[in-house]
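Residue-level structural notes
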Amino acid sequence: MTAVAITETEGEYNFAYLDEQTKRMIRRAILKGIAIPGYQVPFAAREMPMPYGWGTGGVQVTAAVLGREDTLKVIDQGSDDTTNAVAIRGFFEKTAQVKTTSATKDATIIQTRHRIPEKELTEDQILVFQVPIPEPLRFLEPRETETRKMHALEEYGLMHVKLYEDIAHHGRIATTYAYPVKVADRYVMDPSPTPKFDNPKIDNMKALQLYGAGREKRIYAIPPYTKVKSLDFDDHPFEVQKFDKPCGLCGARHVYLDEVVLDDQGGRMFVCSDSDYCEERRAEGHVGDMAANPAASHLAGKSSGAAKTEAGE
Amino acid sequence: MTDFLSEEPLLRASGVTRFYGDRIGCRDVSFELWPGEVLAIVGESGSGKTTLLNCLATRLAPTAGAIEYRMRDGAMRDLFQLTEAERRFLMRTDWGFVHQNAADGLRMTVSAGANVGERLMAVGNRHYGNIRGTALDWLERVEIDGTRIDDDPRAFSGGMRQRLQIARNLVTGPRLVFMDEPTGGLDVSVQARLLDLLRGLVADLGLSVVIVTHDLAVARLLSHRMIVMRNGEVIETGLTDQVLDDPQAPYTQLLVSSILQV
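Description of the structure in this document. (Residues numbered from 1 in each chain as written. Chains lettered and ligands numbered in written order. Predicted model: local features only at pLDDT ≥ 70, side-chain atom pairs only at ≥ 80, totals over all residues. Heavy atoms only, no water.)

**Some remarks on the overall build of chain B**
Summing up its helical and strand segments, chain B has 10 helices and 10 strands in all. In terms of overall dimensions, chain B is globule-like: its C-alpha atoms have a radius of gyration of 18 Å, near the 18 Å expected for 262 residues. If one aligns the C-alpha atoms of chain B with their principal axes, the spans along those axes are about 55 × 50 × 40 Å. Across the 262 residues of chain B, 53% fall into the buried class. Put simply, 67% of the contacts in chain B that link residues at least 6 apart link residues at least 24 apart. Of note, chain B has its 28 positive side-chain charges centred 6 Å away from the centre of its 34 negative side-chain charges. (Helix = DSSP H or I, 4+ residues; strand = E, 2+ residues; numbered from the N terminus. Rg over C-alpha atoms; globule rule 2.2 N^0.38 Å. Buried < 20%, exposed > 50% of the residue type's maximum accessible area, 1.4 Å probe, protein only. Contact = heavy atoms within 4.5 Å. Lys, Arg positive; Asp, Glu negative; His and termini not counted. Charge placed at Lys NZ, Arg CZ, Asp CG, Glu CD.)

**Digging into the packing of helix α5 (residues 157-170) of chain A against helix α4 (residues 112-122) of chain B**
One can describe the packing of α5(A) onto α4(B) by two numbers: an axis separation of 8 Å at closest approach and a directional angle of 140°. It follows that α5(A) is oblique to α4(B) by the angle criterion. Where α5(A) crosses over α4(B), the two elements pack in a sense that is right-handed. Contacts from A:Gly157, A:Leu158, A:His160, A:Val161, A:Tyr164 and A:Glu165 in α5(A) reach B:Gly113, B:Ala114, B:Glu118, B:Met121 and B:Ala122 in α4(B). Here the contact of α5(A) with α4(B) is built from residues that sort into six nonpolar, three polar and two charged. (Axes fitted to C-alpha atoms, helices over the stretch in contact; angles between N-to-C directions. Parallel < 35°, antiparallel > 145°, perpendicular 65-115°, else oblique. Left-handed = near helix turned anticlockwise from the far one by under 90°. Nonpolar A, V, L, I, M, F, W, Y, C, P; charged D, E, K, R; others polar.)

**Notes on the environment of A:Met189**
Residues and elements named next belong to chain A. With respect to the helices, strands and loops of the structure, Met 189 is situated in strand β7 (residues 187-189). Given the relative accessible area of 1%, Met 189 is considered buried. Put simply, Met 189 and Gly 38 are 151 residues apart on the chain and 5.7 Å apart in space, counted from C-alpha to C-alpha. Excluding residues within four positions of it along the chain, Met 189 makes contact with Gly 38, Pro 136, Pro 180, Val 181, Val 183, Tyr 211, Tyr 220 and Ile 222.

**Overview of the nonpolar core**
Counting residues in hydrophobic clusters, the biggest one holds 68 residues, and the most contacted among them are A:Tyr164, A:Phe233, B:Val116, B:Leu164, B:Ile211 and B:Met226. Considering each element in turn, this core owes the most residues, seven residues, to α5(A). Setting aside anything within four residues of it in sequence, one finds A:Tyr164 in contact with A:Phe233, B:Ser111, B:Gly113, B:Ala114, B:Met121, B:Tyr128, B:Ile131, B:Arg132 and B:Ile149. Membership of the second largest hydrophobic core comes to 31 residues, among which are A:Ile30, A:Leu72, A:Ile109 and A:Ile126. (Core = buried A, V, L, I, M, F, W, Y, C linked by side-chain atoms within 4.5 Å.)

No statement about biological role is implied by the geometric values presented.
The structure is reproduced here in C-alpha cells:
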C-alpha cells in the first residue's frame, strides 16, 4: 500500500453535489421538456441526501442548471425561512458556494414548493418546482401505460370527469391546488401543488419554468411566453381564490394569504404567503390593520425591522 | 329503426383466427353483420366466443383474418389497419362494449352522472349543465332514479350497475354494441327486466349488436341470428328461431335439449 497524497479538492463534492455526467443527463431531459412544453420526460433520478417528498426532483433540476454566478432563492409554502427552504438553501450554499437571497428580484434561480412569487418574474430568471405527483390523470387512471397513451393521443376527457365530480358534489370546481392546465394547446399538465391562485401567473410567464419530480422520475417544462390554460367548463369557468381581507401586516390585496392562528381565544389573522413580498411592502411603508397587534408584530419577526418601527408608531 | 333492407353490411369478419400459442382461441370465423341486426354468439364455456368478441371489438389482435367496419362516411375499413387513435375514437363514439362484470366497464370511484358523462366529455362537450342534463335523461331511460345521479356505482345493485353501464355506452349514440354475457350473474327477475330494457333500446335506436351468451333464452329473446361455436369453430349459423327450433348439428341439438324445462 502506498500512501497517496490527498489534494485539497479530493474528497469534496463536485460543484452542486451531482457529478457532471448526471447533470448532462438531467440537462438533456430539461431540453427535451422545453422542446415539448408540458410533456413529462422520464429521467434517471438519483438518490439525494434528503427524503422523497422534500424536493429531490427540484434539487436535481436546480443542481443541473446552477452556475457559479447564479443567485439562488428557495421558497417553501411562499416563505424563505421554513424548514424545507432553509435545508435546500443550506445544501447549495455548502455544495456550490453560490450566493443565496430571499429577495425575488435578486435571484436568478428560484426553487419553489407550492408558491410562485407575487412579484412578476423576468426573462432572466428560472423557476424550479418540486413536484410530488407529475401525472394529472393519475387519480382517475392508475395505469401508467394507459395515461401515457392518453397523453399521446390527446384523450383528456377524463380530466373533465374530475372537474364534473367536483361540481356535482360541491356545486363548484372545488379543486384548489394542483389544478390541471393545458400547455400550448397540447399537453395537460399538473402544475405541482401550487394553489390555483397561481395558475394565471403560469400563463405567458416571462421566466422559464422547470418541474422536477424525483420519486416519479419525471421532468417537464414550460418555456417563457407559453400559453397555459386552466381547464374548466363553459358554464363553470375557472376562477381563483378570493380573499375578503387584505394582508394583516402589509395591507396587500390580490395576493395569496395564509391564515395564522394567534392564540387559543380564536384570534387569527391573514398574512401574505409570500414572505419576501410582504417584507418588501412593509419596508416601503405599507401597514396592514393587524400590524400594531403585539402578537402580529411578533409574527413579523426579527427580519422585518421596518414593520416593527411602523407598528410602534 | 331496424333496417334489414340496407345493401351494405356494417361489420364483416373474414377467416378470423386467434391462437394462444399452440392452443386455438377461435378458428376461421366469417360472417357479416347488417345494420340494425342482433347477432348472438352462443356456445359452452371455452368454445371461443369471448375470444371472437374481443377480436371483433379490437381488444385482441387476431392471428389471421380480417375484420372490416363501415365507418360513418360509408367507407369499409379494415379495423386493424386503422391507427390506434382512430380505433380508440371509434370505440368511445361509434361503439359500445358492455362487460359481464359491470365493474370492468364502469369507473367505480366516480358518480353515476360522471360515468354517463365521460364519453360526452371525451368527445369535447364542455358544458356542465348539458352533460348533466343528458346524463339524467339516460339514467331515466335505463330506469335508474334521477336522485341517484351523484351516487357511486359502488352503492348500486348488480342490476343497476349493469343498466348504468349500458347508459354509459349508449350516450354517444353508437351504431354497434358488443355485449359479453350482459345478464350473467344477475338473478332471474333482474335478468328479465334487463332483457326487456335492452330489447326496447335496441329496437328504438336501431342498434347493431353482437352479443355473447351461453344462455339460449337470452339469444332467443334478443337476437335475430345466431352463431353456435364449439372448440373455437363455428358449427352452425342461422336465424335464431330456426336454429333453436330445428337444430341441425348434433352439438346444437344437445345444447337446445339441455335447456331446463320448469
